[in-house]
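What follows is each chain in one-letter form.
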Amino acid sequence: MEEEEVAPGVVVSAIVVSYNSKEALGRSLESLKSSSIGEAMEILVVDCGSRDSSSEIDHEVSGITVLRLPRHFGLTKARNIGARTAQGRYLLFLDPDIEVLPETVALLAAKLDADAGAVIACPLLVDREGRPVSHVGELPSLEELYRAWRRGDCWSRTLPATAPVKPEAVASEELVSGAADPRAMLVRAQFLRGMNYFDEKYGQFGSNLQLFAQIRTAAKRIVVLAGARAVSHEGEGLWKPSDTAARADLCADYAAGLIRYARYWGLTLER
């Protein structure tokens, strides 16, 4: 196996992609800085041309690196920029409205250290009352993705064919899922490099599907650790596509990503 190239001392690179999300971003970064993993984690913010003061968050939160993009090129390109800059052997992709608990990152890294068959380790996302909201399930079919597009669910940050974890399942030490909840996931950097990173022909949508499909093809696993928690503020403080033009752009991006994904994997809609 190819030896992983990492910087001495850096185990995890947290990558937070942000767009007009100053309030949520500040809360998320402060939680990362309180992690027990300490200096073994670097924190990267990829700002997608925000019009608020999100891109200046490093003036308020010390010890982070902000990668400032001139405009919003889409989630895929932003994550690739973060991943190519990262020095850690594990990449923590985190949405700005997610707040990790102090032990969470260390627990996820320990899981990947101990389990060579796992490519992604996810925390259990909970709401403010501690109820599980992580989505788990199988990789969605093309038909399920198409139906989501027809319903106009293009701006959902979770995938069709996944559903919130049932409370009784939380008693398990870990859950295996065919598709990760992309709001918070620790990924092996080596696996992503082996894919030549995310395909940038995807924009905002589709790159997560590409990663999950590659993991399934490699006969590897995605796990959710019930004991590693993170609080989801369910989009609070994030930019939302409220006007018609923005919603139309996201629906068009979803359709383009769907076509790209289907062509790559040779998928067709059932008739």
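Use the structure listed above.
Each value, and the rule that gives it
- Residues numbered from 1 in each chain as written.
- Predicted model: local features only at pLDDT ≥ 70, side-chain atom pairs only at ≥ 80, totals over all residues.
- Heavy atoms only, no water.
- Helix = DSSP H or I, 4+ residues; strand = E, 2+ residues; numbered from the N terminus.
- Core = buried A, V, L, I, M, F, W, Y, C linked by side-chain atoms within 4.5 Å.
- Buried < 20%, exposed > 50% of the residue type's maximum accessible area, 1.4 Å probe, protein only.
- Contact = heavy atoms within 4.5 Å.
- 1 Å grid on protein atoms, 1.4 Å probe; cavity = no way out; pocket = protein on both sides within 12 Å on 5 of 7 lines; lining within 4 Å.
- Points joined across faces, edges and corners; volume = space filled by probe spheres on them.
- Nonpolar A, V, L, I, M, F, W, Y, C, P; charged D, E, K, R; others polar.
- Salt bridge = Lys/Arg side-chain N within 4 Å of Asp/Glu carboxyl O.
- Axes fitted to C-alpha atoms, helices over the stretch in contact; angles between N-to-C directions.
- Parallel < 35°, antiparallel > 145°, perpendicular 65-115°, else oblique.

Let us now look at the environment of Q190. Here Q190 lies in helix α5 (residues 189-194). For the pair Q190 and L91, spaced 99 residues apart in sequence, the C-alpha to C-alpha distance is 9.6 Å.

With 53 residues, the main nonpolar core has F93, I120, M185, L211 and F212 as its most contacted residues. The contact partners of I120, leaving out residues within four places of it in the chain, are L112, A180, M185, L186, V187, L211, F212, I215, R221, I222 and V223. Counting 35 residues, the second largest nonpolar core, distinct from the first, contains A14, L25, V66 and A109.

Estimates place the volume of the largest pocket at around 1200 Å³. In this structure, the largest pocket is lined by 45 residues; those nearest its centre are W155, S156, R157, Q204 and L250. At the level of elements, β1 (12-18), α2 (75-85), α4 (142-151), α6 (207-217) and α7 (244-265) are the ones that each hand at least two residues to the lining of the largest pocket. In terms of residue count, α7 provides more of the lining of the largest pocket than any other element does, six residues in total. Its residues assigned to classes, the lining of the largest pocket shows 21 nonpolar, 13 polar and 11 charged.

The subject of this paragraph is the pattern of salt bridges. On inspection of all chains with the given rule, the structure shows 18 salt bridges. Among the salt bridges present, the one from D127 reaches R131, with a minimum N-O distance of 2.8 Å. Taken together, the salt bridges that share partners define one network made up of K111, D115, E174 and R221.

Residue A161 is not a glycine yet carries a positive backbone phi of 75°. Structurally, the position occupied by A161 is in the loop between α4 and β8 (162-164). Using a relative accessible area of 37% as the deciding quantity, one classes A161 as partly exposed. Positive phi values are uncommon outside glycine, yet Y197 reaches one of about 65°. Along the polypeptide, Y197 turns up in the loop between α5 and α6. Residue Y197 is classed as buried on the basis of its relative accessible area, which comes to 12%.

A few words now on the packing of α4 against α7. Each pair of packed helices can be described by the angle between their axes along with the distance between the axes. Running from amino to carboxyl end, α4 crosses α7 at an angle of 170°, the nearest separation of the two axes being 10 Å. Taken together, the axis directions place α4 and α7 in an arrangement best described as roughly antiparallel. Contacts from L142, L145, Y146, A148 and W149 in α4 reach C251, Y254, A255, L258, Y261 and A262 in α7. Split into classes, the residues belonging to the contact of α4 with α7 amount to 11 nonpolar, no polar and no charged.

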